[in-house]
Amino acid sequence: MSKQDYIEIECEKIEHLLKEDLILLVTATDLETEFTHTNLKPIDGYSNIIQVFEGNQTYYFGMFGLYKVAHVQCAMGSISRASSIMTVSTALGKLKSKIVIMVGIAFGVDEKKQKIGDVFVAESVIPYNIKRVSKDKDISRGIETQSSQILLNRFKNIKNWEHTTIQDKKSELIFTRLLSGEELVDNLEHRNSLVAQYPDSKGGEMEGAGVYSACGSKIDCILVKGICDFADGEKGKNKRQNQEIAITAALNLCSILFSSETVFKELQVLPFKTKLTESLSENKNINEVLFDFYDGTKEPYYIERESDTTFNQVLNQYGIWVFGPSGCGKSNLIIRNILKTKKEFIQINLAPCIGQDVESFFKEILYEISSKVGGVHSQFQPSNFSECSRELISFLNKNYENKELIIFIEEIPINSEKEQKEFAEKIFSIIISKNFINGLSKIKFVLSSIENPSKNIPIVQQKIHQQISFIQLEYWKEDDIINLIELILKEFKLILKPELKKELIASAKGSPRFIKKFFRSIYTLNKVDDKTLRIILKETERELS
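The structure reproduced in this document is the subject of the present report.

Conventions adopted
Residues numbered from 1 in each chain as written. Predicted model: local features only at pLDDT ≥ 70, side-chain atom pairs only at ≥ 80, totals over all residues. Heavy atoms only, no water. Helix = DSSP H or I, 4+ residues; strand = E, 2+ residues; numbered from the N terminus. Buried < 20%, exposed > 50% of the residue type's maximum accessible area, 1.4 Å probe, protein only. Polar contact = N/O pair within 3.5 Å; in protein donor to acceptor, adjacent residues only side chain to side chain. Phe/Tyr/Trp six-rings, centres within 6.5 Å; stacked < 30°, edge-to-face > 60°. Axes fitted to C-alpha atoms, helices over the stretch in contact; angles between N-to-C directions. Left-handed = near helix turned anticlockwise from the far one by under 90°. Contact = heavy atoms within 4.5 Å.

### Focus on the side chain of Gln114
Looking at where Gln114 falls in the secondary structure, it is placed in the loop between strand 6 (99-108) and strand 7 (119-127). What makes Gln114 buried here is its relative accessible area of 10%. Reaching out from Gln114, the side chain makes a polar contact with the backbone nitrogen of Val109 at a distance of 2.9 Å. Here Lys202 takes part through its backbone oxygen, which lies 2.9 Å from a polar atom of the side chain of Gln114.

### Digging into unusual backbone geometry
Even without being a glycine, Ala231 presents a positive backbone phi close to 50°. Tracing the backbone shows Ala231 in the loop between strand 13 (220-229) and helix 6 (239-258). Given a relative accessible area of 0%, Ala231 falls into the buried group. One non-glycine residue with positive phi stands out, namely Lys342, at about 60°. With a relative accessible area of 78%, Lys342 lands in the exposed category.

### Points about the packing of aromatic side chains
In this structure the tally under the stated criterion is 15 aromatic pairs. Between the aromatic rings of Tyr67 and Phe264, the centroid separation amounts to 5.0 Å while the plane-to-plane angle is 80°, which identifies the pairing as edge-to-face. Linking Tyr67 in strand 5 (residues 67-73) with Phe264 in the loop between helix 6 and helix 7 (272-281), this pair joins segments that are 197 residues apart in sequence. On the basis of relative accessibility, which here comes to 0%, the residue Phe264 falls in the buried class. Here the aromatic rings of Trp321 and Phe423 are separated by 6.2 Å at their centres, their planes lie at 90°, and the arrangement is edge-to-face. A residue pair is termed long-range when its members are at least 10 positions apart, and Trp321 in strand 14 (residues 319-323) and Phe423 in helix 13 (residues 417-434) qualify at 102 residues. The pair formed by Trp321 and Phe423 is uniform in burial state, with each residue classed as buried. Aromatic rings pair up to connect Trp321, Phe361, Phe362, Phe385, Phe423, Phe428 and Phe470 into one cluster.

### Quick notes on the packing of helix 11 (residues 358-374) against helix 13
Their axes nearest at 9 Å, the elements helix 11 and helix 13 cross at an angle of 35°. Handedness of the helix 11/helix 13 crossing: right-handed. Taken together, the residues of helix 13 that come into contact with helix 11 (itself represented by Val358, Glu359, Phe361 and Phe362) are Glu419, Glu422, Phe423, Lys426, Ile427 and Ile430.

Put into structure tokens, the structure is as follows:
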């Protein structure tokens, strides 16, 4: 049997997994744990079974069949410090599971009618060690606890289960009131005395009473345990082999339920992939999380970076021209931080001017500023740039003397170096001229472009450095891209395998636009299987190359 591989993760980093659709599996011995783990597969998005150290407990997370499960091992017995009652109580406080299944090994009481590898499913658990000892007789005071009726029903309706042990014997399914006590019973006389006290019980174990006590009436729980011995003094004979037969049979029985898509539906637990796709399709804030254009409602989904700090520090003193490659988030950085200043601003988008000459850009700037302040009726139609420049400065002087205003100009549709140079020189001349007018020093210009405008500053316009600071925006650092991915995964309750996440980071090359396009395609297709995700990644690369 191959050993399972694990990936160690801090509990805080898998909070999205600790939901009520998480089924808790409990074992009591190292062998039970070993065999349980061989039946687990990694959760989508993770390369191995997750191992989490939390307080006094160690948890393991994986997929058992179609379902997301957590596993924890308790000590043998129900009432010691690390026993089943303490372990399960602590686990339920952390994991919020609705279903608890204890799987493992137990002793039978009738070697003629039972055999190694038969499997008990507990109808109830009887804590036989709790008793009143009097002079004449012992009186049992343990309260028998019923198994979950839904889970019991599901096991009772498993049809045609066939499991052949390594001894070529077919395992039988036995429903019974299962004894549970602190004693490791391996004495024929004592076993028979227990049978005499509880003739309806067909077997026993040591941890069930604690599990049922921890779950109480609010958590659906059940015990599934294979027979590994008959508590007759022969427990040590072929011990390892018999225990392997027992736990293998118990897990095989459980796997029947865990392969059904609807078996736990009444308990609001669905197959994990179904949960993923449903949560994705029901997500109503897709456009908020993957926003293209920032406004105040998008702040919870904005990744603040070093460039935000730089921008705000500079804006306190100067106007700003941000330049950098397409898709690096220039516009959103600017508008977000302008909004946070709570100062009056006018946003001018020159994209509609595509195909026009540079002078037309300035007529559009004048039109936008004057119309937003004075209305369309106040429009002046300049015949050239000089008239446009004079009218713009006159308008600002008339309406914003000694007032703070930010003029944000974006999406400048320039295609040639000649146009870049012409636009830069003309906007610089307006900014420099503005500053010669008393009362306009509080007006700042903020612009964005792909190309670096500072290379087009002529000698006669060097004073522009007293008015404008040039900030180069690069593609995002890897840590910032990772933060964006993690935020989206958390909001959409999605998981990406580590290797796919690495490919996504590498393919994005620091572009938040690439990341958002990738996740928007996932939402559109509403599929999260590995094959589809890789197709989406390649298609995103093709579209944004």
